[in-house]
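The chain contents come next:
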Amino acid sequence: MLLSRVAENLYWAARYLERAEDTARIVREHTNLIVDLPTRVAVTWEPLLAIIGSRHAFDARFTTADERSIIRWLVAERDNAGSILCSIESARENLRSSREVMPSDVWQGVNDLYLFVAAHHGDGIARSSRSRFLERVIGDVLAVNGTLTSTMSRDEAFEFLRIGRNLERADMATRVLDVRAGSLMAAVAPEYEDVQWLSVLRSLSGQQMFRRTVRGPVSGESVLRFLLHDRDFPRSVRFSLEQVRRGLRALPRAAYAAETCERAVELLEQVPVTLTGTDLHHWVDELQLTIATVHGAMAETYFVSHTPVR
Amino acid sequence: MAEIRNATGAWDELIDAEGTPRPAATELVAMLRALGDHELVARQDAADLAILTAGITFTVYSDGRGIDRAWPFDVVPRVIDATEWRRTDRGLTQRLRALNLFIDDLYNDQHVVRDGVFPADLLSGSVNFRPQCLGVRPAFGVWAHICGSDLVRDADGTMYVLEDNLRVPSGVSYMLENRHVAKRAFADLFERQSILPVDDYPEALGRLLRSIAPNGPDSDPTVVLLTPGIYNSAYFEHSFLAREIGIDLVEGRDLVVDDDDRVLMRTVAGLRPVDVIYRRIDDLFLDPEVFLPDSTLGVPGLMRAWRAGTVAIANAPGAGVADDKVVYAWVPELIRYYLGEEPLLANVPTYRCYYPDERDHVLHHLDELVTKPANESGGYGILIGPRATAAELVERRAAIEADPRNWIAQPVVELSTAPTLCNGRLEPRHVDLRPFILSGESSYVTKGGLTRVALRAGSLVVNSSQGGGSKDTWIVDLDDPIPYWSNG
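Residues numbered from 1 in each chain as written. Chains lettered and ligands numbered in written order. Predicted model: local features only at pLDDT ≥ 70, side-chain atom pairs only at ≥ 80, totals over all residues.

## Considerations on the overall build of chain B
Then step 1. Summing up its helical and strand segments, chain B has 14 helices and 24 strands in all.
Then step 2. Computed over its C-alpha atoms, the radius of gyration of chain B comes to 23 Å, within 12% of the 23 Å expected for a compact globule of 488 residues.
Then step 3. Its C-alpha atoms give chain B principal-axis dimensions of about 70 × 60 × 50 Å.
Then step 4. Out of the 488 residues belonging to chain B, those deemed buried represent 49%. (Helix = DSSP H or I, 4+ residues; strand = E, 2+ residues; numbered from the N terminus. Rg over C-alpha atoms; globule rule 2.2 N^0.38 Å. Buried ≥ 20, exposed ≤ 12 C-beta atoms within 10 Å, placed from the backbone.)

Laid out in structure tokens, this is it:
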């Protein structure tokens, strides 16, 4: 029988790991996009702040929103709880108090990543070393998830990890869509729209699977449909919510959380995928709030405190 | 070529005074010489890296916060002949049997006091005697289920018990991890000789814990390890043992005691009963209803549940009464009194400042003796007379005169040494040994234990909280390649 406190630690460890991975992907892809586009196209680094949702705290800390400051903030900033550095540190802290429920390789993987990030987070800032640093983060989190998948019993502990990871994944996907689709619809550089939509896909590691599944030209609508509704792509909102649903089915006393999850799925199904004449921002906002209610239900049902270890 | 030196005057664990390897260490010493310093340093580095990535840590306090440090490990093992270890094993088992009989007696009939073997006023003055435990009869009469005794070897090679830790002894996880790391560093040696395995400890501990369940070991008892939490210096060990035994690691806030005096834990499925608690929290923090009212580490009502017999606690509350350094001085007499046997393991001669004549002797020879507070652990408060400053001696004299019962003194035991890798070469460093003894229906002694080493040249302080390191301990069986199992 899983302790409530441990369940909470696991849930947060999975969320923080996923956040670190997703942030690394988003930063890596944005760097690529900026390098790709001609300099006259006004793409800035600021959408990154909007995605991670920490603009206010950033402004309190930095005077200019230039590349260096923003990347430092997202990758290596101690004052930003959502930075890659802090996320990995928090994941490790949460796992440190729940080591006994998981295979030791998992802990070793996270600890190893933590030691790397603690020693080399500076490498994530300079463009010359940035992708190598980010790829190590992405690769290590993937390896940890792989170790979990192939060595951990599908017990309650595993389900809390699964639910944490997928709620975070769904949340991050909606943030990316919200900000990117928003700035795309503003049509800053129409001739590069395709490039930008491909970039959205790559931010969520979806380019290849999109190509295989959709088999048509890239368009805003097809990308939106794929990232929101695809049932087979593991980083779509739909797939992530299905995983949460599946996790909840394996847990005791899950009625309330399952109900919130059903509402999120129902709402998702209503989100239109046309870019003309709809307020996508409004829909995605609603979706994010509903996903947040699943977290609220988890905390209320299972967790001792409502604050994670950090 | 690694040169292995001997320290002047001290007994070395691997080589004798002529520089010849001791029989059980022959293979190892040959290997060390063949490897040379350079290769040894490479193996040390690999071991350090393995410890870092595996997250084998201990926590030290600095500026009021706990800091996680990599566990200090010296790659050169310490070797003990299995023949000597069998004797030591029997001595430790005998000692703990007597101590458990003593504790059970103190909390029940107190024959030992009535028979005039142990002074009544010492008992009433003991800070670790818990009147709240009077009349309780734990399973098998055992109170100290897990004991870590510290052994030291004097210049003539005699092994002495320096102290017994009966409250929440720690270090066993490092013994197991050290072996894990040493196996990688010296894989070839493990194949060539019979080094007794240590990794059955978690299994033995798990069996012991289940055996004391109120409804018996076959009731599928729920066993938990109660930790003060992540900031405790031994948290790594708590987590390690919980994982190895396969039990839940709980904090006080995870447990509640209901109106029927049942201990329950908060799980995702709701409250679930707990049968056995392996506690790694000191008595005084266990239950704010009975002990320190401000403690948030423990569980209100836990003592009620224990007294009612609905839950077993290891070590039992109050067991620490027998690891008092004053009680230590009586252990040889307790062995004779309870078992009618002569002690198999020697006690270091101990002066008890409680007695005026012994106190006078101590005060007259302060500069020759080691003085220790009766109730501190971790090496705190120890003053080594021959190395103390005049001011320290004056201060110590005043402390003893102010509270004589709290002090004991012993002659300086010149700890044995073992070759240790320091600054890229082998140098003799002082070591001690902490074996772990389990008591329940039967007994179990670790094959060897945790060897701690003082990393500073000449230092006798081996505690990891004060700059000590550790070594793997090899019990080498020269006669018999078949593993030897202790069964006290």
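## What about the packing of helix H5 (residues 84-96) of chain A against helix H6 (residues 104-120) of chain A?
Residues and elements named next belong to chain A.
Then step 1. The interhelical angle for the contact between H5 and H6, taken along N-to-C directions, is 145 degrees, at an axis separation of 9 Å. Classified by chirality, the crossing of H6 by H5 is left-handed. Touching Ile84, Leu85, Ile88, Glu89, Ala91, Arg92 and Leu95 of H5 are Trp107, Val110, Asn111, Leu113, Tyr114 and Val117, all from H6.
Then step 2. Residues that form the contact of H5 with H6 fall into these classes: ten nonpolar, one polar and two charged. (Axes fitted to C-alpha atoms, helices over the stretch in contact; angles between N-to-C directions. Left-handed = near helix turned anticlockwise from the far one by under 90°. Contact = placed C-beta atoms within 7 Å. Nonpolar A, V, L, I, M, F, W, Y, C, P; charged D, E, K, R; others polar.)

## Overview of the sheet that holds strand E17 (residues 383-384) of chain B
All names here are of chain B.
Then step 1. The strand order across the open sheet built from four strands is E15-E18-E16-E17, with neighbouring strands paired in antiparallel fashion. Only two strands of the sheet have a single partner each, and these edge strands are strand E15 (351-352) and E17.
Then step 2. Where strand E16 (residues 369-373) meets strand E18 (residues 407-411), five bridges bridge the pair, whose relative direction is antiparallel. What sits directly across from Thr371, in E18, is Ala409. (Pairing = 2+ DSSP bridges.)

## Focus: the domain arrangement of chain B
How big an interface is tends to be expressed through the accessible area that disappears when the partners come together.
All names here are of chain B.
Then step 1. Once the domains are mapped, chain B shows domain 1 (23-348 + 413-477) and domain 2 (350-412).
Then step 2. Computed over C-alpha atoms, the centres of domain 1 and domain 2 are 26 Å apart.
Then step 3. With 19 residues of domain 1 in contact, the opposing surface of domain 2 contributes 15 residues.
Then step 4. It is helix H11 (residues 325-328) that contributes the most residues to the side of domain 1 that touches domain 2, three residues altogether. (Domains from an automatic or database assignment.)

## Observations regarding the environment of Ala50 of chain A
Residue and element names in this part refer to chain A.
Then step 1. With respect to the element layout, Ala50 can be found in helix H2 (residues 46-52).
Then step 2. Look at Ala50 and you get partly exposed, because 15 C-beta atoms sit within 10 Å.
Then step 3. Note: C-alpha distance between Ala50 and Tyr256 (206 residues apart in sequence) is 31 Å.
Then step 4. With sequence-adjacent residues up to four places away left out, Ala50 is seen in contact with Arg55 and Val179.

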